Every structure is written in structure tokens, then in C-alpha cells.
Amino acid sequence: ISAVPRLGRLDTETFRARAAEGLPFLITGVVNRWPLSALKPETLRDRFSHLQVRARVGDYINTAFAPDRAMQDMSMLEYLELVDAGTQDLPPYLGNLELRELNRLCHWPGYFDKMGPPRFWVGPAGTMTPLHCDYDDNIFAQIWGTKRIFLSPPHHDEFLYTKEANAILFGSPVDPEAPDFEKFPLARQATMIECIVNPGYLLYVPAGWYHQVRALTFSLSSNRWARALPLALNGDSSLQRS
């Protein structure tokens, strides 16, 4: 594919049949119905300032896949004040947090028989997760704001200079927004599909697809990983990565 298709609301059977093709797609008409989507970013300060969070601070992009990435514990209010202060070279980022108070205002579709807990991502424009892949199917909900996501298919990992971060996560030093072809010449051969994810969109990222995520505005996103064999494997466990 050269672009990520946008579809309307899907029932579970239709979603699974489409996901079995192993290609990403956007779904509309789901996330915009959530109570959380109807609220404004100011709600974080007005109703959720007490939440304890762990912020990514410092150079969390170049250390994204390192075990010693800089993190700092604080309240949601302290985080928002740190963002407003603008004293960091990179805007601090709340990523991969289980915020149950927010999830009570979300209604996830039952596309998978079993899913991991929802994880939340909060940050202003410029917050970014570098190119990486997960080995579980992923549904990503854009609640507030807009993000730009670059996607690259699994079989192009040979062009991305990937490195194992842990048993289920592989990272790449290639930046799709500004690729350094002198340093990473094979990256010229990697397909990169740009996808703008607007508020109310749900993005399906198949297992093994590389993706880089950048907030274009202040953004609240959430995702869940499936806890089962990827749908594109059609139940054939012999196709799993060893």
C-alpha cells in the first residue's frame, strides 16, 4: 500500500477479516463516541491533576530503547507545569502509562478476544516515539490532537538497521522525517507510509510493522496490544518469529 485506507465503523467479524490481510488501516466513528473525546485538554488540570505519572524527560528520543532512559515521577499537575515552563530541550512526554481514571471514559471495541490494559500517551507538539516495532497487533486511539505516524512493513527490517531492545521490541535508528542516507544507505529501499491521525481516529497497526509517532499538537492517545497470535498469521503458530 502507498497510503493507509480510512474505513467506517467495523463489526468484529469485518475487522478481523480485514486485519488478516496484515495491512494497517484507520477506523472512524468509534473513538469520537467516547466520553473522554468530548472533554477538553483542560480537563487534565481541572479533574486529573492529582494523578501520579512518570514523565520521559531529557533526550528520551536517542535513548528510547536504552534501559537507562531518563524518567521522572510527578503529578499530572507538575507535568503540565513542566510543559508550560518550556525549559526542556525536548518537551517532556507521558508515555505508556496505565491511567485507569481516564480509561473509565473510554469504550474499547472487542476486536480481539484478549487485550492488554490500555496505555495512555500525553504530550505537546514535538513529543515523539522513534521508529520501532512490536510483536503484537495494536489498536491506537487518537483522542485529542493530531499525530503523524510513519509506517514501514515488517519485511523491510533489513533496511532499517534494527536492534533488539527486548524480547518483544525492536528499534531502528532511522528517522523517516529526516533520513540520514549516508549513515544508513539501505534505508533508501525501505517503504515509509505517512499517516496523519486526527482526533477520533482508531489506527490498526499489525504486529511487526515499524512505526514512528510524533505529536503535531497537544495530544492524548491511547493504545492496546492484543494478547494472542497476530491476526495476519491466521492461526498458524509456525509463522511466529523464533
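The following paragraphs examine the structure supplied in this document. (Residues numbered from 1 in each chain as written. Predicted model: local features only at pLDDT ≥ 70, side-chain atom pairs only at ≥ 80, totals over all residues. Heavy atoms only, no water.)

Notes on the overall build of the protein chain
Turning to step 1, where the next piece is worked out: When its secondary structure is counted, the protein chain shows 4 helices and 15 strands.
Turning to step 2, where the next piece is worked out: Relative to the 2.2 N^0.38 estimate, which gives 18 Å for 242 residues, the radius of gyration of the protein chain is 18 Å and therefore close to what a compact globule would have.
Turning to step 3, where the next piece is worked out: Overall size of the protein chain, expressed as C-alpha extent along the three principal axes, is 50 × 45 × 30 Å.
Turning to step 4, where the next piece is worked out: Taken across its 242 residues, the protein chain has 52% of its residues classed as buried.
Turning to step 5, where the next piece is worked out: Partitioning the contacts of the protein chain with sequence separation of at least 6, the portion at a separation of at least 24 is 79%.
Turning to step 6, where the next piece is worked out: Just so you have it, the protein chain exposes about 11,600 Å², and 48% of that area is on carbon and sulfur atoms.
Turning to step 7, where the next piece is worked out: Taking the 24 positively charged and 27 negatively charged side chains of the protein chain as two groups, their mean positions are separated by 5 Å. (Helix = DSSP H or I, 4+ residues; strand = E, 2+ residues; numbered from the N terminus. Rg over C-alpha atoms; globule rule 2.2 N^0.38 Å. Buried < 20%, exposed > 50% of the residue type's maximum accessible area, 1.4 Å probe, protein only. Contact = heavy atoms within 4.5 Å. Areas by Shrake-Rupley, 256 points an atom, 1.4 Å probe, with all protein chains shown as cover. Lys, Arg positive; Asp, Glu negative; His and termini not counted. Charge placed at Lys NZ, Arg CZ, Asp CG, Glu CD.)

What about the side chain of Ser-152?
Turning to step 1, where the next piece is worked out: Mapped onto the elements of the fold, Ser-152 is located in strand E9 (residues 147-152).
Turning to step 2, where the next piece is worked out: A polar contact of 2.8 Å, which involves the side chain of Ser-152, links it to the backbone oxygen of Thr-191.
Turning to step 3, where the next piece is worked out: With residues near it in sequence (within four places) discarded, Ser-152 still touches Leu-160, Ala-190, Thr-191, Met-192, Trp-209 and Tyr-210. (Polar contact = N/O pair within 3.5 Å; in protein donor to acceptor, adjacent residues only side chain to side chain.)

Re the pattern of salt bridges
Turning to step 1, where the next piece is worked out: The final tally for this structure, using the stated rule, is 9 salt bridges.
Turning to step 2, where the next piece is worked out: Two residues, Glu-177 and Arg-148, come together in a salt bridge whose shortest N-O distance is 3.0 Å. Linking Glu-177 in the loop between strand E11 (169-171) and strand E12 (193-197) with Arg-148 in strand E9, this pair joins segments that are 29 residues apart in sequence.
Turning to step 3, where the next piece is worked out: For Glu-177, a relative accessible area of 26% corresponds to the partly exposed category.
Turning to step 4, where the next piece is worked out: As a salt-bridge pair, Glu-177 and Arg-214 come within 2.9 Å of each other at their nearest N and O atoms. With Glu-177 in the loop between E11 and E12 and Arg-214 in strand E14 (residues 210-215), this residue pair connects regions lying 37 residues apart in the sequence.
Turning to step 5, where the next piece is worked out: Salt bridges sharing partners connect three or more residues here, namely Glu-98, Arg-100 and Arg-119. (Salt bridge = Lys/Arg side-chain N within 4 Å of Asp/Glu carboxyl O.)

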